[in-house]
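Notes for the structure review
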Amino acid sequence: MLRISLEILKWENNEPEQAGAAPLARALAFKAPMAPAFTETLDDWITASTLPGSDGLYFLGTFERRITFYSQQVRAFRLIRALHERGILKANDTIAVVGGGAAGVTCALALGLLDYDVSLYDPAVEVLQLQSASPRLLHPHIYEWPALGSLDKSAGLPFLDWSQDTGKPIAKRLAADFHSYKAMLPKLIWQQEKRLKTLEKSGTEWRLTFTDGATRIVQKVFLAMGFGDERTVGAADTYDYWKERGVGTAAVEANPPVTYLVSGNGDGALTDILNLLIEGFEHVPFTEAFLGYFNQDVLRTTILKAYAGLAPEADLEPVFEQEVLSTFRERGILDRLVPQLRTDRLLTINSSGPLFSVGKAAQLNQSMVFAVLHAAKQKGVVVRRTSGKIKNVINHPDGLQPVGITLGGAAFADRFNHVILRHGPNKEERYQPAKEQFEEYERVSNARFAAKPELLYPPTLDAETYTVFFELWRQKLADGARRQQLAGQSAHEASTILISWDVATQTLVQRGKTTLEDLVIQGETAAAPIAVQLEVPPDKLDADDLIRLSKASGGKITLTPGASVQEAWKSKLPVAAVATAAASRYPYRVVGAISFSEHVDASLVRQLESKLVAAQMLGKCDTLGNIAPGVMAAVMATWADWRQTLDALPDLRRAFLAWLGNIGPVAAKPWSGDVTALERMAGALLLILATHLGEPLEPASVPRGNLRFDKNGQALGSAADTLDDGGLLTEWDMPEHWDVDALILSRSSEVAVTGPDDTILNAGDPGTGLDVARRTKPAIIRNDAHWRTALRTDLPGWIVAVQEEFRQWRERQDNDRNRVLI
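This one's a predicted model, so the numbers in the text were calculated from it and none came from an experiment.

Regarding the overall build of the chain
Tallying secondary structure elements over the chain gives 27 helices and 30 strands in all. Over its C-alpha trace the chain gives a radius of gyration of 37 Å, far above what one expects of a compact globule, namely 28 Å for 822 residues. Overall, the C-alpha framework of the chain stretches about 120 × 65 × 45 Å when taken along its three principal axes. Here the chain holds 822 residues, and 56% of them are scored as buried. Here the analysis covers contacts within the chain between residues at least 6 apart in sequence; of these, 74% occur between residues at least 24 apart. Here the chain holds 87 positive side-chain charges and 100 negative ones, and the gap between their average locations is 5 Å.

In structure tokens form, the structure reads like this:
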């Protein structure tokens, strides 16, 4: 079987007891479950890579966490940008980059794009030689689970970009890109077959000597030398991580059952355990299947809860047994894993500390191995657990014997077909040419990372750094057609919020320079138009209210469904343009709990206010005509008070605004977001506020209206000219049709309400309050000649007209009451 797995963080596999490794291993051990609040700066990136007293020397990712192909590329981008923008790199500097791996190649190209004189040195004849024939699968983000986007298959880099694949095609493609770009960068020189022998300080410069006798003096040196070969002891098997011969291949398994011992508790060891126990194991497909066993965010929240509050290097297994195992059993996870287990291998796992230790491996790997071991126990597959530091491995005719480990407290002397040590790379040997600087940098790093552990966290490429290098690449290296095609991409991504479903966390996520939360709060006041690109179906969010908000924004918010969900959105967004790509340089963020409907209402209030202000300035309203200055001034004073009330009570605001725009047979539909209705709605609001000057009103949520007055009186103020169901308002000519005590209608001058002599139609006890007269003909203030004349006369005249209308209504009430009581 061909072993396919992910790139492994080598350093994390070092056991704490190893000489010289313990302090840094402890410093590296802890990784908080969630991303830190700490925000790194350009200076932090520089500090983490430098050695005091050795100006001009930079280490790329030598002791940080998560040394993966992707993370090394990101470190190179960030460091070069920081040095350039801080002015530390000088125009006349000559620069040496030592190491033609992911970090070195990225570093050299970034320097070349910035027009520096740079040479890239490597012992191999080709860049990315280590991965050039590797069948191992590279994935850019999966080791960061449960972080958002950790199953995103795209690295998302400005150049030398790649997506999940095996090492060979990725290395081949990126090497071709490197040489293509190098040909267009005359100051970038590729120095193949150059192995560094010594690195020495020479005044303010650096002298590099190579094994072929060549020397070079430069002002700046970037060490991106890789991490050395896997540490081994005695006759233990040597499994080069990147080469095809690995754990569990067909050649190794000639005579099953085969006995294995795997030693270590980092990602390398855990991956080997999975590979030995699972039939046909491939890391990413297995991981995706495992995550798919859980509904929504169950696994992530369960694991985060288990990690919460644990100290660095704490033993996770007791916590997992108590808090995680029951979830795995209840959801049938172990039952799904049992059929996938192999029974033709006898596995022993050794670790000098806890097998599952906080910070020693990726949380997802620890979760999967924990589940697989319990599935093995359920099936009766024996997996032994030993402990201790392996001091030697002796080769006997009948197998390999590890020395120095125990089983259940007793010395363990069994022999194995294969002993696999995952104790990290021999980094000291790799950095031997710069031994003095390396040892001092390790000492400094121990103290530095202990004081500021945030610097250890795996890096992601920030949008600003991406943009710097993307624009350089587009302008200098992209061909003419491609350059033109990508001319507006940076601006487009900056003005787009990408909404998608994150399979890693089973949550709704967003990517954009502006957050969706900020955008919906701003609504029509946003500084610039933003496109919300929807890569999820409508049922994943409050689609109807989001569409209303888009309409309400007056073009500031546009909605564009992605091609994969176009059909799902067709009925709601029939004429929306379809987005052709789903890419963003901005980080993943969870879409928070947003009440789109509240922000639609807030936008409507703001826009109605702007219409009122315009009416005051002009002295007229399009729907009502000229308005006396005194009336308008009093209206605006009332509105200031009402707005405070409406803003403080979203439910009240929603009810008030719904009836303001629409009248339904039973209830009012909320505003559709149609900005062409604003003028008439503002007219209705103005008429309501003016009515308040003669008959004090207050916004209220009542069954058939939006206003209350005189303690028990209920009123309806609206700009509607038809009913929601298409009927005409003029057809409602009886008091019981309206079921309110007053009507304020700005668009229906022909509405007339009459009633029979006996307006108490419900029989029974008439009572003594205003409710007795609910079916009395209501007071009506409408947009007709009488009321328009009153509006443009003066404030006292208007007040008298309103008071008279309500006096007549009260008189009708009294008459009806007296008629019933007598």
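Having seen it, we continue.
Concerning the packing of helix α2 (residues 42–49) against helix α3 (residues 69–85)
One way to put it is that α2 packs onto α3 with a least axis distance of 9 Å and a crossing angle of 110 degrees. Comparing their axes, α3 and α2 come out roughly perpendicular. Read as a crossing pair, α2 and α3 show a hand that is left-handed. Of the residues in α3, those in contact with Leu 42, Trp 45, Ile 46 and Ser 49 of α2 are Arg 78, Leu 79, Arg 81, Ala 82, Leu 83 and Glu 85. A class-by-class count of the residues in the contact of α2 with α3 yields six nonpolar, one polar and three charged.

Details of the pattern of salt bridges
On inspection of all chains with the given rule, the structure shows 34 salt bridges. Here Lys 153 makes a salt bridge to Glu 288, at a shortest N to O gap of 3.8 Å. With Lys 153 in the loop between β4 (137–138) and β5 (165–166) and Glu 288 in helix α7 (residues 283–292), this pair connects stretches of sequence that are 135 residues apart. Given a relative accessible area of 34%, Glu 288 falls into the partly exposed group. A salt bridge links Asp 601 to Arg 654; its shortest N-O distance comes to 3.4 Å. Taken together, the residues span a long stretch of sequence, with Asp 601 in helix α21 (residues 596–618) and Arg 654 in helix α23 (residues 650–661) at a distance of 53 residues. The exposure class of Asp 601 is buried, given its relative accessible area of 4%. Classification of Arg 654 as partly exposed rests on a relative accessible area of 26%. Connected via shared salt-bridge partners are Glu 609, Arg 643, Asp 647 and Arg 653.

A word on the sheet that holds strand β20 (residues 507–511)
An order of β22-β21-β19-β20-β23 is seen for the five strands of this open sheet, with the pairing classed as mixed. Looking at strand neighbours, the two that pair on one side only are β22 (557–561) and β23 (589–590), the edges of this open sheet. Across five bridges, strand β19 (residues 496–502) lies against β20 in antiparallel orientation. Each residue of the ladder has a partner; that of Asp 502, found in β20, is Thr 507. Docked against the sheet, helix α19 (residues 543–552) engages β21 (530–534) and β22, running at close to 135 degrees with respect to β22.

Quick word on α23
Side chains of residues three or four places apart in an α-helix project in the same direction, reflecting 3.6 residues per turn. Across its twelve residues, α23 extends 17 Å between first and last C-alpha, which sits within 8% of the 16 Å expected from 1.5 Å per residue. Within α23, nine of the twelve residues are buried, which leaves it mostly tucked inside the rest of the structure. Where α23 is buried, its residues contact α21, α22 (629–648), α24 (678–692), β26 (697–702), β27 (705–709) and β28 (713–718).

With respect to the packing of aromatic side chains
Throughout the structure, instances matching the rule amount to 30 aromatic pairs. Seen from their ring centres, Phe 159 and Phe 469 are 6.4 Å apart, and the 80 degrees between their planes marks the pair as edge-to-face. Note that Phe 159 is positioned in the loop between β4 and β5 and Phe 469 in helix α15 (residues 463–476), a separation of 310 residues in sequence. By the burial criterion, Phe 159 is buried, and Phe 469 matches it.

Focus: helix α4 (residues 102–113)
Taking 1.5 Å of rise per residue, twelve residues should cover 16 Å, and α4 covers 17 Å from first to last C-alpha, within 8% of that figure. Here α4 has its buried residues at Ala 102, Ala 103, Gly 104, Val 105, Thr 106, Cys 107, Ala 108, Leu 109, Ala 110, Leu 111, Gly 112 and Leu 113. Remark: Asp 115 follows α4 within two positions and exhibits a positive phi of approximately 75 degrees.

Conventions used here
- Residues numbered from 1 in each chain as written.
- Predicted model: local features only at pLDDT ≥ 70, side-chain atom pairs only at ≥ 80, totals over all residues.
- Heavy atoms only, no water.
- Helix = DSSP H or I, 4+ residues; strand = E, 2+ residues; numbered from the N terminus.
- Rg over C-alpha atoms; globule rule 2.2 N^0.38 Å.
- Buried < 20%, exposed > 50% of the residue type's maximum accessible area, 1.4 Å probe, protein only.
- Contact = heavy atoms within 4.5 Å.
- Lys, Arg positive; Asp, Glu negative; His and termini not counted.
- Charge placed at Lys NZ, Arg CZ, Asp CG, Glu CD.
- Axes fitted to C-alpha atoms, helices over the stretch in contact; angles between N-to-C directions.
- Parallel < 35°, antiparallel > 145°, perpendicular 65-115°, else oblique.
- Left-handed = near helix turned anticlockwise from the far one by under 90°.
- Nonpolar A, V, L, I, M, F, W, Y, C, P; charged D, E, K, R; others polar.
- Salt bridge = Lys/Arg side-chain N within 4 Å of Asp/Glu carboxyl O.
- Pairing = 2+ DSSP bridges.
- Expected span 1.5 Å × (residues − 1).
- Phe/Tyr/Trp six-rings, centres within 6.5 Å; stacked < 30°, edge-to-face > 60°.

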